[in-house]
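# Secondary and tertiary structure notes
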Amino acid sequence: MSRLLQTPFLPSVTLPTKTRSSVTGFRVKPRIIPIQAKIREIFMPALSSTMTEGKIVSWVKSEGDKLNKGESVVVVESDKADMDVETFYDGYLAAIMVEEGGVAPVGSAIALLAETEDEIADAKAKASGGGGDSQAPTSSPPTAAIEAPVSVEKKIAAPPVSVKAVAASAVHPASEGGKRIVASPYAKKLAKELKVELAGLVGSGPMGRIVAKDVEAVAAGGGVQAAVAVKEVVAAPGVELGSVVPFTTMQGAVSRNMVESLTVPTFRVGYTITTDALDALYKKIKSKGVTMTALLAKATALALAKHPVVNSSCRDGNSFVYNSSINVAVAVAIDGGLITPVLQNADKVDIYSLSRKWKELVDKARAKQLQPQEYNTGTFTLSNLGMFGVDRFDAILPPGTGAIMAVGASQPSVVATKDGRIGMKNQMQVNVTADHRVIYGSDLAQFLQTLASIIEDPKDLTF
Amino acid sequence: MALSFSQTSFTRPNHVLGSTGSVFSTPRSLRFCGLRREAFGFSPSNQLALRSDRIRIPSRKSFQVFASASSNGNGAPPKSFDYDLIIIGAGVGGHGAALHAVEKGLKTAIIEGDVVGGTCVNRGCVPSKALLAVSGRMRELQNEHHMKSFGLQVSAAGYDRQGVADHANNLATKIRNNLTNSMKALGVDILTGFGSVLGPQKVKYGKDNIITAKDIIIATGSVPFVPKGIEVDGKTVITSDHALKLESVPDWIAIVGSGYIGLEFSDVYTALGSEVTFIEALDQLMPGFDPEISKLAQRVLINPRKIDYHTGVFASKITPAKDGKPVLIELIDAKTKEPKDTLEVDAALIATGRAPFTNGLGLENVNVVTQRGFIPVDERMRVIDGNGTLVPNLYCIGDANGKLMLAHAASAQGISVVEQVSGRDHVLNHLSIPAACFTHPEISMVGLTEPQAKEKGEKEGFKVSVVKTSFKANTKALAENEGEGIAKMIYRPDNGEILGVHIFGLHAADLIHEASNAIALGTRIQDIKLAVHAHPTLSEVLDELFKAAKVESHATTRTVSEKVVV
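None of the values given here were measured: they were computed from a predicted structure.

## A look at the overall build of chain A
Tallying secondary structure elements over chain A gives 11 helices and 20 strands in all. Counting the 463 residues in chain A, one finds 44% classified as buried. Sequence separation of at least 24 residues holds for 62% of the intrachain contacts in chain A that already meet a minimum separation of 6. For chain A, the exposed surface amounts to about 23,200 Å²; the carbon and sulfur share of it is 55%.

Next up, the structure:
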């Protein structure tokens, strides 16, 4: 296999020692330097005929290590296999330009090899100061390769908290002044990855040990941007008691809306609806993919169609709009927030399509892929906490809509029937919050009566 | 009956004797006679034995019993001994020897002072495989990326520690019963009590039971080795014996030693949620493996996991956790002995290897001096005494002789000894014994490592070639989404001899046997490369190696075996 790997070192670039300039090859600055030393570039080798780029699996050697001809320097993953890349020159590994996990195109420089120890500094300067301009007459410049790594998240996380790299994992980092740092193996690994310095960190683990979540907390504390990035890199950290957590974008949006809702005069009307018929229907068509949420949305939409005022909205306080379509928004709790995917034209779409649409919206919401029109076009909102056993609650009216309905759990209740008997019926309580500037008590009462009749005789729901 | 059977086998020609038999340069039957005389010479002790009423008296009546037993498999007793063969220690080595002895018609007894099955079954290979089976599944279920690539969705995988521990314990019990039953079914006498050698061909077991046998095999095995300075409390500072009970899963465990045992436990503990710190005295992790394999293994088994390590250091002092203090580990530089660091962890597992269990065996009665506890033996497992001469009729197999501390090596050595005592000379080729480490993925090897082979080649003047293949090129491995791994073969291009094979990848432990059998039987690459492998299977990884090897065209194909003496 090593025969394949004779390519990594292409003819080297001659670099005058002590030249700070990154520019080589083209304009060699004449200086008073007696020795012409060599700094060679290590290129991403082509390990197979189809390979266009390679991923650095690991650096076998680290910066400053002496390399002997034939020694493995780096392990590269191609499209086919992982292979050790050997050096064909003696020298020192001066600078690593593509870190572990990074990807570089075939032929681009991934490291610099200095012939003598003195040249390591030059090579380093060349690697860092080089920037985008001129990297000898080779292919793409190394910085391009550095920019390439797939792990972009890490790069985002790094800047705000960037500190000097933690000592290699083989060394237990003992700080000066006799104060030792005790950190778990994973915490150390994370610290290295997230570029968090362990010194001065207060551990929350057993005996004050620094554990992974301490490192994560520091990395996350670096800024909102970092917090988001970190979340994607590592598992969501547990709740850190006593810590100050800045709002995420979503939390910010919710907060603004909630405060804004205080400018609207709202009132509430409740109603108890018997759901035996609805439950029976649900049982019957559940196998066809129909969900309870879709059934409730459908019933609500049909009721709204008969009471357009409840589907209206007042935005300026001087006028209101009878909305042309009935778009039922349904509140969904997702990781770290709340979103209201909208079932558009819920009165017109059939129950099966509506159920499919709902499933699609929820999946998109979980994946954070909802388009704006899929969550901000609601004209009426449904909020259901019944699945948690909540029997009644009231909701805050989202700005820009006329009403929101809070749905509790459907529970077996003992009721007195009209013929004077006592019976058992499944009942749920709904509670509508509405904007009293346009919707009055009698409007809601009639709407709820209609809704109850639809739910108690749900044949219309399936057309 | 047994005697006449033995006699016939003695007439077989003996190839190896002339070259290696320094002591027994006389024909084997003569040696046999000589030993018989020697045995008769010890008749006083025999009579002494007869006086004891607790032992089996080879009277006419008991002879009948034994004879009937022999119809079940176990042989009839020899005329002047209680047994043909006594094995001290019913571990895997002793068990293998006992089964083979019965097959050869020898009247066999096995003495066990603890539980049948020894280390392997009760405190080693077997329960650890149960834990590793769990860890492998946990690892897979927790690997969301891996599952996603299959299109599978698994919600948070969890485990019940006691359930895992029970699985390991149940497996050990089951295998122990199987082992016991297999010996009982064959009529092997299982004698309970601590066994020791009283003198030539005489063994004591339990309090004062004395029995005699034509040949004796010591198979007493080993115990975890705990370096001095380390205080084992069985709770927070533990050995593999305790760890296999899985009484706790610490948040952070230090594992002292990164050989097979340490590696396997790191696999178990990290899968169950622990973080691990390795402490290795040598300069690199996983010493003893082929360097290339250990390098790749480190990239897969160590670096991406919640493991860090300290190499080139000794744990000079380990204090168990007490009074709210954690386990304290003092590290000193392996070379300069200067203090290097102190670790505070929740638990420490001592996996620094195993020490032979040979104390109190009565070895002084036969003038045997152990070397660091190991019983010195020759290549035929014959015990060597303090003067460097062979002790007649006394053999030692398995961990107690330290040749190759693996369960299956002990068993192979036992079978080799039985072959010899039943009249057929046999020398075990240790280079054909495979070894495996059951991490995820597994590591396996047989024969020489690349540096060893190159050194040998230089010394003996032959060329050494290496061929490698990746699991990424194997269809079955890719179907399992387990393309990580390599296999390499070290061979002689001039004659096609396989010198060593090393595999790191899915089911490596099962794959190695094609190579180890080829080495054991002397099969050459030019022959085995024509053999067919089912497609698509992992075995094609080896097929790939055989086919990729470049054997010089003048090398002859051959099927006759040529044994390599170790």
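## Some words on the packing of helix 6 (residues 92-103) of chain B against helix 14 (residues 407-421) of chain B
Residue and element names in this part refer to chain B. Direction vectors running N to C along helix 6 and helix 14 enclose 30°, while the axes themselves pass 7 Å from each other. Relative to helix 14, the crossing made by helix 6 is right-handed. Across the interface between the two elements, V92, G93, G96, A97, H100 and A101 from helix 6 touch A407, A410, S411, G414, I415, V418 and E419 from helix 14. Broken down by class, the residue content of the contact of helix 6 with helix 14 amounts to 7 nonpolar, 5 polar and 1 charged.

## Regarding the sheet that holds strand 13 (residues 327-333) of chain B
Residue and element names in this part refer to chain B. Taking strand neighbours across the sheet as the criterion, the 3 strands line up as 12-13-14 in an open arrangement whose pairing is antiparallel. Sheet topology places strand 12 (313-319) and strand 14 (339-345) at the edges, where each strand pairs with a single neighbour. Strand-to-strand twist across the sheet, computed as the mean angle between neighbouring axes with direction ignored, equals 25°. As defined by bridge partners, strand 12 adjoins strand 13 across 6 bridges and the pair is classed as antiparallel. If you follow F314 over to strand 13, its bridge partner there is I332.

## A word on the interface of chain A and chain B
Bring the parts together and some accessible area is lost; that lost area is often taken as the interface size. At the interface, 26 residues of chain A touch 28 residues of chain B. Of the roughly 2,200 Å² buried at the junction of chain A and chain B (both faces included), carbon and sulfur atoms supply 51%. Counting every contact that joins chain A to chain B gives 2 salt bridges. Between D346(B) and R209(A) there is a salt bridge; the shortest N-O distance is 2.7 Å. Counting across the chain A and chain B interface gives 8 residue pairs in polar contact (both at pLDDT 80 or more). Listing elements by their share of the side of chain A that touches chain B, those giving two or more residues are strand 3 (53-59), strand 5 (72-77), strand 6 (82-86) and helix 4 (185-194) of chain A. Ranked by residues supplied to the side of chain A that touches chain B, first place goes to helix 4 of chain A with 5 residues. Residues belonging to the side of chain A that touches chain B are distributed by class as follows: 13 nonpolar, 5 polar and 8 charged.

## Notes on unusual backbone geometry
All names here are of chain B. Here the residue pair H440 and P441 is connected by a cis peptide bond, since its omega of 0° sits within 30 degrees of zero. Secondary-structure assignment places P441 in the loop between strand 19 (435-437) and strand 20 (442-447). Geometrically, the link from H535 to P536 is a cis peptide bond, its omega value of -5° lying close to zero. With a phi close to 65°, N367 is a non-glycine residue in the positive phi region. Of note, N367 is situated in the loop between strand 16 (354-356) and strand 17 (382-384). Its identity is not glycine, yet N393 carries a phi of approximately 65°, on the positive side. Within the secondary structure layout, N393 lies in strand 18 (residues 390-396).

## Regarding the UniProt feature "domain: Peripheral subunit-binding (PSBD)" (unreviewed entry) in chain A
According to UniProt, the positions carrying the feature "domain: Peripheral subunit-binding (PSBD)" (unreviewed entry) are residues 182-219 of chain A. Secondary structure across residues 182-219 of chain A comprises 47% helix and 0% strand; the distance between its end C-alpha atoms is 18 Å.

## Quick word on the sheet that holds strand 15 (residues 347-350) of chain B
Paired through their backbone hydrogen bonds, the strands of a sheet run either parallel or antiparallel. Spatially, 8-15-9-10-11 (chain B) is the arrangement adopted by the 5 strands of the open sheet, whose pairing is parallel. For this open sheet the edge positions go to strand 8 (237-239) and strand 11 (307-311) of chain B, each flanked by a neighbour on one side alone. The sheet shows a mean angle of 20° between the axes of neighbouring strands, direction not considered. Alignment of strand 9 (residues 252-256) of chain B against strand 10 (residues 275-280) of chain B, held across 5 bridges, turns out to be parallel. Each residue of the ladder has a partner; that of I255(B), found in strand 10 of chain B, is F278(B). This element, helix 4 of chain A, spans strand 9, strand 10 and strand 11 of chain B of the sheet and lies at about 95° to strand 10 of chain B. Its contacts with the sheet put helix 12 (residues 260-271) of chain B on strand 8, strand 9, strand 10, strand 11 and strand 15 of chain B, and the angle it makes with strand 10 of chain B is roughly 165°.

## So, helix 18 (residues 513-521) of chain B
Residue and element names in this part refer to chain B. Buried residues of helix 18: A515, S516, A518 and I519, and no others. End-on view of helix 18: buried residues confined to an arc of 160°, all on one side of the axis. Here the buried face of helix 18 lies against strand 20, strand 23 (498-505) and helix 19 (525-528). Looking one or two residues past helix 18, G522 carries a phi angle of roughly 75°, positive in sign.

## A short note on the nonpolar core
All names here are of chain A. Counting residues in each nonpolar core, the largest one holds 53 residues, and the members touching the most others are V310, L382 and M405. Looking at this core, the element that brings in the most residues is helix 9 (residues 292-306), giving 9 residues. Dropping the residues within four chain positions of it, M405 is found in contact with T300, F380, T381, L382, S383, V430, N431, V432, L448 and L451.

## Looking at the environment of G373(B)
Residue and element names in this part refer to chain B. Along the chain, G373 falls in the loop between strand 16 and strand 17. Looking at G373, the relative accessible area reads 18%, which means it is buried. Sequence separation of G373 and S222 is 151 residues, and the distance between their C-alpha atoms is 9.7 Å. Apart from the residues within four sequence positions on either side, G373 is in contact with P356, T358 and A400.

## Concerning the pairing of strand 23 of chain B
Residues and elements named next belong to chain B. Burial within strand 23 is extensive, with 8 of its 8 residues counted as buried. Bridge analysis of strand 20 against strand 23 gives 6 bridges, and the strand direction is antiparallel. By the bridge assignment, G447 is partnered in strand 23 with G500. Note: strand 22 (residues 486-491) against strand 23, 6 bridges, orientation antiparallel. Bridge pairing in strand 23 links K488 to H502. Where strand 22 folds back onto strand 23 in an antiparallel hairpin, the turn is made up of 6 residues, including G496, whose phi is positive at roughly 80°.

## Quick word on the environment of G203(A)
All names here are of chain A. Here G203 shows up in the loop between helix 4 and helix 5 (212-221). Considering only alpha carbons, one finds G203 and K213, 10 residues apart in sequence, at a separation of 9.1 Å. Among residues more than four places away in sequence, those in contact with G203 are G208, R209, I210 and D214.

Procedures and definitions
Residues numbered from 1 in each chain as written. Chains lettered and ligands numbered in written order. Predicted model: local features only at pLDDT ≥ 70, side-chain atom pairs only at ≥ 80, totals over all residues. Heavy atoms only, no water. Helix = DSSP H or I, 4+ residues; strand = E, 2+ residues; numbered from the N terminus. Buried < 20%, exposed > 50% of the residue type's maximum accessible area, 1.4 Å probe, protein only. Contact = heavy atoms within 4.5 Å. Areas by Shrake-Rupley, 256 points an atom, 1.4 Å probe, with all protein chains shown as cover. Axes fitted to C-alpha atoms, helices over the stretch in contact; angles between N-to-C directions. Left-handed = near helix turned anticlockwise from the far one by under 90°. Nonpolar A, V, L, I, M, F, W, Y, C, P; charged D, E, K, R; others polar. Pairing = 2+ DSSP bridges. Buried area = accessible area lost by both parts, 1.4 Å probe. Salt bridge = Lys/Arg side-chain N within 4 Å of Asp/Glu carboxyl O. Polar contact = N/O pair within 3.5 Å; in protein donor to acceptor, adjacent residues only side chain to side chain. UniProt positions renumbered as here; feature names shortened; annotations may be inferred. Arc of directions from axis to C-beta. Core = buried A, V, L, I, M, F, W, Y, C linked by side-chain atoms within 4.5 Å.

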